[in-house]
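Letter by letter, the chains look like this.
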Amino acid sequence: METSYYRSVAKTLRNSSPFERGKYEDILFHGDDGDDGWTLPHFFGELAKTPEGCRMLCDEGHFSDLCAQLRQWSSLAEEDPVHLKAILWAIGHVGCTKAGIIYLEEIYVIDAVCDVASRCPVLSVRGTAFFALGLVAKTARGRDVLDLHGWECDAEHGFCLPDDLDDLLLLPDWHYKGSEPVIQSAPSDLLDVALLDPVSREILDAVSNVCNHVLINMNLQTLSRLRKQHARHFQSGTLYLHVSTILSNLSYRFSARKIIEGFFDRLDLRNVPRVKPENGSNGAS
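The text that follows walks through the structure, step by step, so that each part is easy to find. Being a predicted model, the structure only gives us computed values, none of them experimental.

Packing of helix α15 (residues 237-249) against helix α16 (residues 254-262) brings their axes to within 12 Å, and their N-to-C directions diverge by 175°. Here α15 is positioned roughly antiparallel relative to α16, judged by the angle of their axes. Here α15 contributes Y240, V243 and L247 to the contact with α16, which in turn contributes R257, I260 and E261. In terms of residue class, the contact of α15 with α16 is built from 4 nonpolar, no polar and 2 charged.

Shown next, in the form of structure tokens:
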């Protein structure tokens, strides 16, 4: 659901802004024409459209379990944020129906959703809670309930904001701990480079730095220069295996991976070391 929404926003921005036209072609935004930003149907939401369905939700206990887990959102946001998002979407879909919002009032769960939207340190989870409250605001009774919790809604479009915007926009203090690709970006952290010649080490350094979005262009230019000056290195099977190790351990854009692989387009596969099977058999590799 969220991916469909983000794709629709990207498509709208790409088509409407002359400054953004041609952008957002990344594989993550490659969707179909069905990505229009409308919420997809939810099983619990369909049940909640009738009083009989709401009674079934109450009697079966599955939805009540989800609401009980939501009240422990602080720990769940760190342990399993995806599951917490699923709970929020389920509650939002139930709350956007006339019968469902009455049920949510009875089990006092709207206040927990408001807490997540205002206080959750995981911003993506906070955004999902914001979407869920927008679904609740689709009904008149839902807007009245949100008003009691300090959220102001428009007429019928599902737009809602807290009376005090600081509740939504202020972020808790945090400390940057670094990212795994940056910590492990040096080839010496992944490979034994002591016996390699200086050119090979320079090639591996440039490959590892391509994962840095700030340094990507400079290092791709370095690889292009080295390929012109030392073409035989880019035909080495041993060096290619070292590059493959780096590519498999660090985070790269798809386009960057494709360019790096292209530098080895004249690789001599006869020079690629054969790995002996662990069982000692002589099977073909």
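A99, G100, I101, Y103 and L104 are the residues of helix α7 (residues 98-107) that are buried. Backbone geometry just downstream of α7 places Y108 in the positive-phi region, at approximately 50°.

This paragraph deals with the side chain of S200. Take S200: it is sitting in helix α13 (residues 198-209). Not counting chain neighbours up to four residues away, the residues in contact with S200 comprise H233 and L239.

What follows is about the packing of α13 against α15. Two elements in contact, α13 and α15, have axes whose closest approach is 10 Å; the angle formed by their N-to-C orientations is 25°. When the interaxial angle is binned, α13 and α15 end up roughly parallel. Of the two elements, α13 crosses α15, and the hand of that crossing is right-handed. Seen from α13, the contacting residues are S200, I203, L204, V207 and S208; seen from α15, they are L239, H242, V243, I246 and L247. Residues that form the contact of α13 with α15 fall into these classes: 7 nonpolar, 3 polar and no charged.

The next thing to look at is the pattern of salt bridges. In total, this model carries 6 salt bridges according to the counting rule given. In this structure, E46 engages K49 in a salt bridge whose closest nitrogen and oxygen atoms are separated by 3.3 Å. Salt-bridge contacts for D265 lead to R227; the nearest nitrogen and oxygen are separated by 2.5 Å. Of the two residues, D265 sits in the segment after α16 while R227 sits in helix α14 (residues 216-229), which places them 38 residues apart along the sequence. Note on D265: relative accessible area 53%, which makes it exposed. What makes R227 partly exposed here is its relative accessible area of 25%.

Parameters at a glance
Residues numbered from 1 in each chain as written. Predicted model: local features only at pLDDT ≥ 70, side-chain atom pairs only at ≥ 80, totals over all residues. Heavy atoms only, no water. Axes fitted to C-alpha atoms, helices over the stretch in contact; angles between N-to-C directions. Helix = DSSP H or I, 4+ residues; strand = E, 2+ residues; numbered from the N terminus. Parallel < 35°, antiparallel > 145°, perpendicular 65-115°, else oblique. Contact = heavy atoms within 4.5 Å. Nonpolar A, V, L, I, M, F, W, Y, C, P; charged D, E, K, R; others polar. Buried < 20%, exposed > 50% of the residue type's maximum accessible area, 1.4 Å probe, protein only. Left-handed = near helix turned anticlockwise from the far one by under 90°. Salt bridge = Lys/Arg side-chain N within 4 Å of Asp/Glu carboxyl O.

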